[in-house]
Amino acid sequence: MVLYTTPFSNSCLSALHAVSWCLIFPCYWLLDQLLALFTPAPCQKNQLLCIVLFMPIYLGFLVTSLPFAFLGFLFWCPLQCARRPYVYSRLEDKGPAGGAALLREWKGTGPGRSFCFATANVCLLPESLARHNNVYKTQVRAKEIGHRIRNGAGRPQIKIYIDSPTNTSISAASFSSLVSPQGDGTARAVPGSIKRTASVDYKGHSGRHPGDEAANGPASGDPMDCGGLENACIVRIAGEEGGRHPEAPDPAAGDQARNGAGGASRGQTPNHSRRDGDSGSLGSRSASKESLVKARAGLDSGGSGEPGATHGKAPHKASVVKKVAARKRRHPDEAFDHEISAFFPANLDFLCLQEVFDKRAATKLKNQLHGYFEYIVYDVGVYGCQGCCCCRRCCEAHCCFKCFNSGLFFASRYPIMDAAYHCYTNGKGVDSLASKGALFLKVQVGSTPQDQRIVGYITCTHLHAPEEDSAIRCEQLDMLLEWLADFRKSTSSSSTANPEELVAFDVVCGDLNFDNCSSDDKLEQQHSLFTRYKDPCRLGPGEEKPWAIGTMLDQDGINDEDVSSPENLQKVLESEEGRREYLAFPISKTSGAGQKGRKDVLKGNGRRIDYMLYAEEGLCPDWKAEVEEFSFITQLSGLTDHLPVAMRLMVSTGDEEA
């Protein structure tokens, strides 16, 4: 299958489309700005004055641009029949950390390998529509969203080891709550007797304000080489045993730290390959001295922290911990780690986004994310008149004119082999103006010594939004399963010329616009999708796991000071009071009361409408996919009305040793 790198098959059509859009765009932009005047942004202090000043100007230019827009529309509309359903972009100059290098890392042998997925609804609508969700400045937000995702996924690993008389555990705390880079490279004490040591190298970050780190993570203009072990930050929290601090690490551990553990080179991503006793990643459950790094020089000169920070006790240097320890889980019955995180997972492999409707915003987002992801599929969907659409259940036919694309966006560190898009044909009302559908992707994640490709399937979708249309969403889920089966069948290779491929994972994610706690969503909760794919947050229809929280924020509180930063939102959502205040909860169709008036009777942890599902069947025989980590992410606070979610999936091959 050919991946489309341009919207049209030849340059003549592309040029004609560019000219027609140039004629349409002024009218489109002026109309958008005119409508936005009547929905004030939080920073807009005098709406009436803005309307009085700018409305005549916008109206005058709008009327002037209408003839040109009409002429452009006459050319633009027929061209949409020849338009391809997506645009594929690849960053050619990715260096040694590119997708080709990643393919050589896994041969399908050994204990297995982990892959990290994330999904988010980013609400990149035209300005006039975005303001209805209490977010604004779409173009600025697009750039900032890409910046935060790139820096969150590409940040150095941070491992925290806690020594106590009874246990040693590894914790994945947020970056800014543990260390704060200083311009002079000196250490700074933080609460809990945790110190930033001079062994952490913030290469390329000098001059960056610490407050920016809290929102974006460590950043630089170039793609960060975060896979190298020498970029990891090791923080040791020493407990007291018998009223005194534990002894310093033994010489053997110190020698190993000086010589460099594991022999990993820069550019590797060792947290993806699961070795015996290896930690995996920031959020993995175990750690060993093979996965640690040497402490850099400078601890003796400037890494001891501020005076008095340890209340007279001798500071402890970053060191190699000899014990293999399990990360503490929040729920004792759960088989994997789960957390509310202020950052996207380190070494994120696949990213699925929804509501990237604005084309200029999509381009800005793509340019930002190409700093980390080599392969991107964007501008997914169809435009213009798409003939007559028919609803299967009610047999109603209606004309489908699409003003917006599907809003789907996909980014990957691994090569994309095939892609396909299908538009849902049963949209209704205002929601039908967007070409909502499903994007199916096949990626290659490795190859065996016998030259068999190791592949994975990822589906990104966005379902019908109006809450009362449960039947439409169920029908769209039926379409999704049917299209996915066809896609897997059409893209599989089993001939002699193409050896049979080994399927490592099959993941479905996106904004499904229904939750698992509303009584009005029972029809969707019982859909067969949840028998074929497993939801890590779900116990059964209508029953969530205790730690799962909603992903839809209360739009009235998005811009509150209490949730203005990733750190603040993380802290708020960790408390039940905070969740009740800032998450959207189910509203019964039969109840006239709004959320604000019934806070005292709210149950559950909010509406979780953004899903991450995975298949346990249909994979390579004897291979098994298991969730290793699940995260609710607050790094996009103030930029969207949804919480991103992430899942790290461990694919076990059944081999005991590589």
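As the structure is a prediction and not an experimental result, all values here were calculated from the model.

Colleague: Can you walk me through the confidence of the model for the protein chain in this structure?
Modeller: Note that predicted coordinates carrying low pLDDT should not be read in detail. Scored by pLDDT, the protein chain comes out at a mean of 76, with 66% of its residues at no less than 70. The low-confidence segment residues 166–211, where pLDDT is below 50, has 116 contacts with residues more than four positions distant or belonging to other chains. In the predicted structure, residues 239–330 sits below a pLDDT of 50 and forms 198 contacts with residues beyond four places in sequence or in another chain.

Colleague: How should I be thinking about the UniProt feature "transmembrane region" (unreviewed entry) in the protein chain in this particular structure?
Modeller: Per the UniProt record, "transmembrane region" (unreviewed entry) is annotated on residues 15–36 and 48–76. Within the segment residues 15–36, helix and strand shares are 100% and 0% respectively, and the terminal C-alpha atoms sit 31 Å apart. Between the C-alpha atoms that bound residues 48–76 there is a distance of 36 Å. The span itself is 100% helix and 0% strand.

Colleague: Just checking my understanding: could you explain the sheet that holds strand 17 (residues 502–511) for this structure?
Modeller: As a general point, the strands of a sheet are linked pairwise by backbone hydrogen bonds and lie either parallel or antiparallel. Taken in spatial order, the five strands of this open sheet run 14-15-16-17-20, and their pairing is mixed. The open sheet terminates on both sides in strands that have one partner only, identified here as strand 14 (416–423) and strand 20 (610–614). Going across the sheet, the axis of each strand differs from the next one's by a mean of 15 degrees, ignoring polarity. Looking at chain direction, strand 17 and strand 20 are connected through five bridges and run antiparallel. By the bridge assignment for strand 20, Val507 is matched with Tyr614. Packing against the sheet, helix 10 (residues 470–491) makes contact with strand 14, strand 15 (437–447), strand 16 (453–462) and strand 17, and its axis sits at approximately 35 degrees to strand 15.

Colleague: Would you take a moment to explain the pattern of salt bridges for this structure?
Modeller: The tally for this structure, following the rule as stated, stands at 21 salt bridges. Notably, a salt bridge pairs Glu374 with Arg90, separated by 3.2 Å at the nearest N-O pair. Residue Glu374 is found in the loop between helix 9 (359–369) and strand 10 (375–378), and its partner Arg90 is found in strand 1 (residues 87–90); the two are separated by 284 residues along the sequence. Accessibility expressed as a relative area gives 3% for Glu374, which makes it buried. A salt bridge links Arg608 to Glu544; the shortest N-O distance between them is 2.7 Å. Note that Arg608 is positioned in the loop between helix 14 (576–582) and strand 20 and Glu544 in strand 19 (residues 543–544), a separation of 64 residues in sequence. The class for Glu544 is partly exposed, based on a relative accessible area of 21%. Salt bridges here are not isolated pairs; linked through shared partners, they connect Glu467, Asp515, Asp521 and Arg607.

Colleague: Please clarify how the packing of aromatic side chains should be interpreted in this entry.
Modeller: To describe a pair of aromatic rings, you give the distance between the ring centres and the angle between the ring planes. The tally for this structure, following the rule as stated, stands at 30 aromatic pairs. Seen in terms of ring centroids, Phe350 and Phe505 are 5.7 Å apart; in terms of plane orientation they differ by 55 degrees. Their pairing is tilted. Linking Phe350 in strand 9 (residues 350–356) with Phe505 in strand 17, this pair joins segments that are 155 residues apart in sequence. In this pair, the class of Phe350 matches that of Phe505, namely buried. Ring centres 6.0 Å apart and planes at 55 degrees place the aromatic pair Phe530 and Tyr611 in the tilted group.

Colleague: Is there a simple way to explain the environment of His338 in this structure?
Modeller: Within the element layout of this structure, His338 appears in strand 8 (residues 337–341). In this structure His338 comes out as buried when scored by relative accessible area, which is 5%.

Colleague: Explain the packing of helix 1 (residues 11–36) against helix 2 (residues 47–79) here, please?
Modeller: Relative placement of two packed helices is described by the angle separating their axes and the distance separating the axes. Where helix 1 contacts helix 2, the axes come no closer than 7 Å and their chain directions differ by 150 degrees. The pairing of helix 1 with helix 2 is recorded here as roughly antiparallel in orientation. Two packed elements cross with a definite hand, and for helix 1 against helix 2 that hand is left-handed.

Colleague: I keep staring at the pairing of strand 17 and nothing clicks. Help me out?
Modeller: Along any regular strand the residues' side chains alternate between the sheet's two faces. By the criterion of burial, strand 17 is predominantly enclosed, with ten of the ten residues buried. By the bridge criterion, nine bridges tie strand 16 to strand 17 in an arrangement that is parallel. Directly across from Cys460, in strand 17, lies its bridge partner Cys509.

Colleague: Can you walk me through the nonpolar core in this structure?
Modeller: Buried together is how nonpolar side chains tend to be arranged in soluble globular proteins. The biggest cluster of nonpolar side chains holds 85 residues, and the ones touching the most others in it are Phe117, Phe350, Phe410, Val445 and Phe505. In this structure, Phe505 is in contact with Phe115, Phe117, Phe350, Val443, Val445, Val455, Gly456, Tyr457, Ile458, Leu619, Leu649 and Val651, ignoring residues within four places of it in sequence. One finds Ala362, Leu369, Ile376 and Ala411 within the second-largest nonpolar core, a separate group that totals 29 residues.

The rules behind these values
Residues numbered from 1 in each chain as written. Predicted model: local features only at pLDDT ≥ 70, side-chain atom pairs only at ≥ 80, totals over all residues. Heavy atoms only, no water. pLDDT = per-residue confidence, 0-100. Contact = heavy atoms within 4.5 Å. UniProt positions renumbered as here; feature names shortened; annotations may be inferred. Helix = DSSP H or I, 4+ residues; strand = E, 2+ residues; numbered from the N terminus. Pairing = 2+ DSSP bridges. Axes fitted to C-alpha atoms, helices over the stretch in contact; angles between N-to-C directions. Salt bridge = Lys/Arg side-chain N within 4 Å of Asp/Glu carboxyl O. Buried < 20%, exposed > 50% of the residue type's maximum accessible area, 1.4 Å probe, protein only. Phe/Tyr/Trp six-rings, centres within 6.5 Å; stacked < 30°, edge-to-face > 60°. Parallel < 35°, antiparallel > 145°, perpendicular 65-115°, else oblique. Left-handed = near helix turned anticlockwise from the far one by under 90°. Core = buried A, V, L, I, M, F, W, Y, C linked by side-chain atoms within 4.5 Å.

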